[in-house]
Amino acid sequence: MNFIQTRGADNNKPERVTFSEAILSPIASFGGLYVPENLPTLGEFFLNKHLKSSYKELAKDMLFRFEIDIDSKVIDEALSLYDNFDDSKNPVPVVKVKENLYISELYHGPTRAFKDMALQPFGVVLSSIAQRLNENYLILAATSGDTGPAALETFKNKSNVKVACLYPDGGTSDVQRLQMVTEDAKNLKVIGINGVFDDAQHALKHLLASESFKDALAKKDTKLSAANSVNFGRIIFQIIYHIHSYLELVRKEAIIMGEKVYLNVPSGNFGNALGGYYAWKMGLPVEKIIISSNENNVLTRLIRDGKYDLRNSEVIGTTSPAMDILKSSNVERILYDLFGTQRTKELMFDLEEKNVYELTSDELAQLRKYFDADFCNGDEGKKYIKNIFETDNYLMDPHTATCIKSYETCSNPEIKTIAYSTAEWTKFSPVIANALTGEVDVTDIQALESISKVAKLNIPDMIKGLFSKDIAQKTVIEKENIEEEILKFL
């Protein structure tokens, strides 16, 4: 399968590229992104075929349908990393919480967040391509808290690959920060910046498109790629768990094959939601995709009103920091799929130049065929955490809690909902401890121990061990110095 460009092709890049080419160089012409030229059709035959399949069997067949130019042995090696999740037979449990509400738990990997679902296999695939081509790659990662730890984990000590990970200093949970700054592999560099996630993501996109930066890397015999969801190598693995979650409901006899469900996604950069959208377009029976946001509710406003307006907007620090994002990269791929190349280019240029774009009424109606949205503030989220724990004996993190409000406001209660839990409770323990007990001003380790006692849950060793590890990565800089710092690392 070939991949094409959301904003059309310029004279510098070919009109179509292979999967390998798209993931090695993920920024397309005019600053756009790569998308599949055509989506494979799965349909009910595919779903029935995999009713008794393992997650890895489902994943391999889905990747096969995309006809990606990756050797089968490499795919097997990549997917074998799911064996290291909490349950090798079922890396993504789907848990019933209420009569028509099921939670798909995407956090059972090594860094306890959903980014492991894509980045664990993606790291194997990308590094294997680099080794096959005998090329060296710098992988850029910008993180609001979860991409960074997952990218560092998957690429550490990999041959032909170095990683520079940018995070907003003070803009992640302590556990997320410790997962990054305690990494000591020589091929990893973690850089805190005095800014917000959008600053880190802007720097990443700027460097990916910068010819002078690429020239500087070339002098060091290094090429450039990215671990963020601008890279379709991330997205392709995020389609799979939506299909798996649906099949889990069929296996549990909660639905019959072909019955439509809601997909309720806590969303910041929109990659998780995009994976659900592609699964729907490929044949998954979906009623609608519900986007759940926090106070940084730019996606809610887009889906409700058709306007993406960042004028006079600043990122708000919230209790769900992984969604503290204003520029959601993967919305561009939705715009392309719905409205085509030229309109996508117009809208994205308006956003970049004017900080705003607005859909027509017809375009908004088209968007709303697929999406609905609501947002949940921090106080509301803590009430949902407490209520769900007390009434349904289920503990969720603050990002998952945003889904409960939109479940109540955006869905038909007669239709089953699959909501996606993107992080384990251990990653945001002070917020959860405050929600459950009212305690304030506690350290992460104090909060972890408090929750463990109240909820009768063990703290995973990979989380507990963070607090005794040495800090290996101490760099915190101004955002203007990112390029210089990365070149110094190389």
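Residues numbered from 1 in each chain as written. Predicted model: local features only at pLDDT ≥ 70, side-chain atom pairs only at ≥ 80, totals over all residues. Heavy atoms only, no water.

Novice: Could you clarify how one ought to interpret the sheet that holds strand β4 (residues 101-105) in this entry?
Specialist: With mixed pairing, six strands are arranged side by side in an open sheet as β3-β4-β14-β9-β10-β13. Of all strands in the sheet, those with a lone pairing partner are β3 (94-98) and β13 (371-375), marking the two edges. Strand-to-strand twist across the sheet, computed as the mean angle between neighbouring axes with direction ignored, equals 25 degrees. Where strand β9 (residues 261-266) meets strand β14 (residues 417-421), three bridges bridge the pair, whose relative direction is parallel. (Pairing = 2+ DSSP bridges. Helix = DSSP H or I, 4+ residues; strand = E, 2+ residues; numbered from the N terminus. Axes fitted to C-alpha atoms, helices over the stretch in contact; angles between N-to-C directions.)

Novice: Can you help me understand the pattern of salt bridges in this one?
Specialist: Here the idea is simple: oppositely charged side chains can pair when their charged atoms come close. Applying the stated criterion across every chain yields a total of 30 salt bridges. E99 is the salt-bridge partner of K96, the closest N and O atoms lying 3.7 Å from each other. Residue E99 is classed as exposed on the basis of its relative accessible area, which comes to 58%. For K98, the salt bridge identified is with D392, shortest N-O distance 2.9 Å. Of this pair, K98 sits in strand β3 while D392 sits in helix α16 (residues 378-392), and the two are 294 residues apart along the sequence. One connected set of salt bridges, linked through shared partners, spans R7, E332 and E352. (Salt bridge = Lys/Arg side-chain N within 4 Å of Asp/Glu carboxyl O. Buried < 20%, exposed > 50% of the residue type's maximum accessible area, 1.4 Å probe, protein only.)

Novice: Looking at this structure, how should I read unusual backbone geometry?
Specialist: Glycine aside, residues mostly have negative phi, and peptide bonds are mostly found in the trans state. Of note in this structure, N134 is not a glycine but carries a positive phi near 55 degrees. Position of N134 relative to the elements: it lies in the loop between α5 (115-133) and β5 (137-142). Despite not being glycine, N312 has its phi angle at roughly 60 degrees, a positive value. Relative to the helices and strands, N312 is located in the loop between β11 (307-309) and α14 (331-354). Overall, the relative accessible area of 85% leaves N312 in the exposed class.

Novice: Where do I start with helix α7 (residues 174-181) in this structure?
Specialist: It helps to recall that an α-helix has 3.6 residues per turn; residues three or four apart then point in one direction. Of all eight residues making up α7, six are buried, and the element is well covered by its neighbours. Every buried residue of α7 is listed here: V175, Q176, L178, Q179, M180 and V181.

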